[in-house]
Amino acid sequence: SSAASDVYKRQVHCKIILVTRRKQGKVRRFGHIGTGNFNEKTARLYTDFSLLTSDQTVGRDVAAVFEFLKFNYRLPDYETLLVSPHSSRSGLVERIDREIHNAKQGYRAMMTLKCNNLVDRQLTMKLYEASQAGVEIRLIVRGMCSLLPGVSGVSDNIEAISIIDRYLEHPRVYVFHNRGEPEYLLGSADLMTRNIDYRVEVLCPIRDPAIQNQLQDLSLIHI
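Criteria and thresholds
Residues numbered from 1 in each chain as written. Predicted model: local features only at pLDDT ≥ 70, side-chain atom pairs only at ≥ 80, totals over all residues. Heavy atoms only, no water. Buried < 20%, exposed > 50% of the residue type's maximum accessible area, 1.4 Å probe, protein only. Helix = DSSP H or I, 4+ residues; strand = E, 2+ residues; numbered from the N terminus. Pairing = 2+ DSSP bridges. Salt bridge = Lys/Arg side-chain N within 4 Å of Asp/Glu carboxyl O. Disulfide = S-S within 2.5 Å. Phe/Tyr/Trp six-rings, centres within 6.5 Å; stacked < 30°, edge-to-face > 60°. Lys NZ or Arg CZ within 6 Å of the ring centre and 35° of its normal. Axes fitted to C-alpha atoms, helices over the stretch in contact; angles between N-to-C directions. Contact = heavy atoms within 4.5 Å. Core = buried A, V, L, I, M, F, W, Y, C linked by side-chain atoms within 4.5 Å. Polar contact = N/O pair within 3.5 Å; in protein donor to acceptor, adjacent residues only side chain to side chain. Parallel < 35°, antiparallel > 145°, perpendicular 65-115°, else oblique.

**Re the pairing of strand β13 (residues 199–206)**
Most of β13 is tucked away, with eight of its eight residues classed as buried. Burial along β13 is two-sided: R199, E201, L203 and P205 and V200, V202, C204 and I206, pointing in opposite directions, are all buried. Here two bridges tie strand β1 (residues 11–12) to β13, and the two strands are oriented parallel to one another. Bridge assignment links Q11 to a residue of β13, and that residue is R199.

**Some points on the pattern of salt bridges**
One pass over the structure, following the stated rule, counts 14 salt bridges. Between R172 and D190 there is a salt bridge, and its shortest N-O distance comes to 3.2 Å. In this pair, R172 sits in strand β11 (residues 172–176) while D190 sits in the loop between β12 (183–187) and α5 (193–197), placing the two residues 18 residues apart along the sequence. A relative accessible area of 2% means that R172 is categorised as buried. Sharing partners across several salt bridges, the network here consists of E67, K70 and R74.

**A look at the state of the cysteines**
Think of a disulfide as a covalent bridge from one cysteine sulfur atom to another cysteine sulfur atom. Evaluation of the coordinates by the stated rule reveals zero disulfides. Here C14 is not disulfide-linked; the sulfur of C204 is the nearest cysteine sulfur, at 12 Å. Classification of C14 as buried rests on a relative accessible area of 12%. Just so you know, C115 is unpaired, no disulfide at all, and the nearest cysteine sulfur is the one on C145, 7.6 Å from it.

**Thoughts on the packing of aromatic side chains**
Overall, the coordinates contain one aromatic pair when judged by the stated rule. Directly above the aromatic system of F71 lies the positively charged group of R74, at a separation of 4.3 Å from the ring centroid. The ring of Y107 is capped by R179, whose NZ or CZ atom sits 3.8 Å from the centre of that ring.

**Side note on the sheet that holds strand β2 (residues 15–23)**
With respect to topology, three strands assemble into an open sheet ordered β2-β3-β5, the strand pairing being antiparallel. Looking at strand neighbours, the two that pair on one side only are β2 and β5 (50–53), the edges of this open sheet. Recorded for the sheet is a direction-independent mean angle of 10° between the axes of neighbouring strands. Most of the contacts of helix α2 (residues 56–70) go to β2, to which it runs at about 115°, and overall it touches β2, β3 (26–34) and β5.

**Some details on the nonpolar core**
Of all hydrophobic cores here, the largest spans 28 residues; its most connected members are L92, M111, L127, L139 and Y174. Broken down by secondary-structure element, the contributors of at least two residues to this core are α3 (88–104), β7 (110–115), α4 (121–133), β8 (136–141) and β11. Here this core takes five residues from α3, the largest share from any one element. L127 has contacts with I96, M111, L113, L118, I137, L139, L147 and I158, leaving out every residue within four places of it along the chain.

**Concerning the side chain of D190**
Given a relative accessible area of 4%, D190 falls into the buried group. Looking at D190, its side chain comes within polar contact range of the side chain of R172, at 3.2 Å. Beyond its immediate sequence surroundings of up to four residues, D190 is in contact with C115, N116, N117, R172, Y174, N195 and I196.

**Examining the packing of α3 against α4**
Across the interface, α3 lies against α4 with an axial gap of 9 Å and an inter-helix angle of 10°. Taken together, α3 and α4 sit at an angle that is classed as roughly parallel. Contacts between α3 and α4 involve R89, L92, V93, I96, D97, I100, A103 and K104 from the former and Q122, L123, K126, L127, E129, A130 and A133 from the latter.

Read these as spatial facts, not as claims about activity.
Right, here's the structure in full:
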């Protein structure tokens, strides 16, 4: 089918592992979602994050990603993960729109987006819209960034920096204030059209407060 042939054109860029354990007839899954390649050379040169979790909703979703790679004519119904090319774009836009709505309702609204590249036109325009609505936006972009911060009337509320350090900054972490109950996403997808629409990517919510604090400290994120 055309859908099946189309998926073969997509690069699998997600960094996931699934461990399945069967004990006394019950299946338990352990899922890994990372930002870095499984490459021993770049592991010595890049900074990355990896999550290993026994959360069964995440485990079922990771299993669904592998099922999609095997049977690409089936469209999975993910419980918690954002997966390109299926739900990353809509999920990110939904979260930006939520911050815009909160700002217009008089709540504090903010987000921090840390990635390698920001060049997708729709997401760039959506961030301009958020800035104009009063959302505080902090961008940490190592490479290409097509958004111009600090433009009066357009991007007054956007700050953009790039971190140059001993090791290559490679993680992708997206944090949304969500009226004081911050939502954290970690994964492989940059804010590029090819990553959002033409690759298999995974973004995973981070719910554990201790891990959220680690991401704040290591990523210079302040929410």
